[in-house]
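Remarks on the overall topology
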Amino acid sequence: MSTTWTQALGLRWPVVQAALGGGISTADLAIAVSRAGGLGTIGLMPETQFADEIKRAQRELDGLPFAANLLMPLLRRGHLRACIEQRVPVVSVFFGHDAAILRELKEAGCYVIYQVGDIAEADTVLRDGADALIVQGNEAGGHVRSTQPLAALLPAVRHRHPEVPILAAGGIFDAASVSRARAMGADGVAAGTRFLLTPESNAHDDYKQALLEARETLLTDLFGFGWNAPHRVVPNAATRSWCRKDAQAPRWLSGMNSLFEAPSRLLPLRAGETLIRWERPSLPFFGPFPLTRQMPADRREVAPLYAGACVAEMTELRPAADVVRELGEAFANAGA
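Below or above, wherever it landed, is the structure these notes cover. (Residues numbered from 1 in each chain as written. Predicted model: local features only at pLDDT ≥ 70, side-chain atom pairs only at ≥ 80, totals over all residues. Heavy atoms only, no water.)

Time to look at the sheet that holds strand 2 (residues 41-42). Pairing within the open sheet is parallel, and its eight strands lie in the order 1-9-8-6-5-4-3-2. Strand pairing shows two members of the sheet lacking a second neighbour, strand 1 (15-17) and strand 2, which therefore form its edges. Of the strand pairs in this sheet, strand 3 (residues 67-71) and strand 4 (residues 90-94) are connected by five bridges, and their pairing is parallel. Opposite L70, over in strand 4, you have V93 as the bridge partner. (Pairing = 2+ DSSP bridges. Helix = DSSP H or I, 4+ residues; strand = E, 2+ residues; numbered from the N terminus.)

Quick look at the structure:
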């Protein structure tokens, strides 16, 4: 297996904090992860805030590597400009592909990690110049690209691309899950829910508590106003009120969400804050914006409580540095 990606980036541990968008993974979390020897990631948020968080991470990390995430369905030109002008060392990309954007990032000297959900997508982004892959299983929380579990998809991508650095995502949260990922052929791991459940994440305390209490997740399309795609969440009043037995939104609502998807890309991301103010369990229009510390706690019942299927195994918050160390040591020991 290739381990040169950690050496190329200057990482102590092959551990990536997955991008937690909507203001959940700010510079605070990214800095804590990168200082511990992993790769912290600033998630997508409104353009000005995104640029400011990148600047803060650069200033406080003083040369240590970190990443910024470009979430393609919500991408605005200002996000790409911030990554290029600030010369972000690593850029992760998810849920869509644009060869011209990838070329711009590579020309700016960025190391590009693409998160993919199937072999065809892996083939495409590698052909166009991606440096590494995050292979996402459908156990993952948040928006889910894959229709297969990690155990089925990762070995298939590894077999097809034996020389490419491949990181495992979906169900990564402890030493046992890391060991399984390495046995499948992973060169490292990316964890989302485990890093959301840290003091450094910007998730609202009520969001974190809902995850700590959770015993199940749903793969749904309910929170699709403006981005109609599958996402894994913990149930709340919105899902209990509007999801069908198969966990999906009513067909008419899914259709309306799809119709609004293209026009919404013409609006600034901050326009979503208007929708947030109108969300309530009795109305079936819910956007993809998660519950951050800056939002009122009562949004817990209408916001998407993104979480991976492994959330049922987590019972406490843990400092980000401890998580990096546990997962990194587990990866090293799995190869001993």
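Residues of helix 7 (residues 150-160) that are buried: L150, L153, L154, V157 and R158. Seen end-on, helix 7 carries its buried residues on one side only, within an arc spanning 125°. Those residues of helix 7 that are exposed and angled more than 90 degrees off the buried face are A151 and H159. (Buried < 20%, exposed > 50% of the residue type's maximum accessible area, 1.4 Å probe, protein only. Arc of directions from axis to C-beta.)

For the coordinates displayed, the defined rule picks out six aromatic pairs. Judged by centre distance (5.3 Å) and plane angle (85°), the rings of F95 and W227 are edge-to-face. Of this pair, F95 sits in the loop between strand 4 and helix 5 (99-107) while W227 sits in the loop between strand 10 (218-220) and strand 11 (231-234), and the two are 132 residues apart along the sequence. In this pair, the class of F95 matches that of W227, namely buried. A network of ring pairs unites the aromatic residues F225, W252, F260 and F285 as a single cluster. Positioned above the aromatic ring of F95 is the side chain of R145, whose terminal nitrogen or guanidinium carbon lies 4.5 Å from the ring centre. (Phe/Tyr/Trp six-rings, centres within 6.5 Å; stacked < 30°, edge-to-face > 60°. Lys NZ or Arg CZ within 6 Å of the ring centre and 35° of its normal.)

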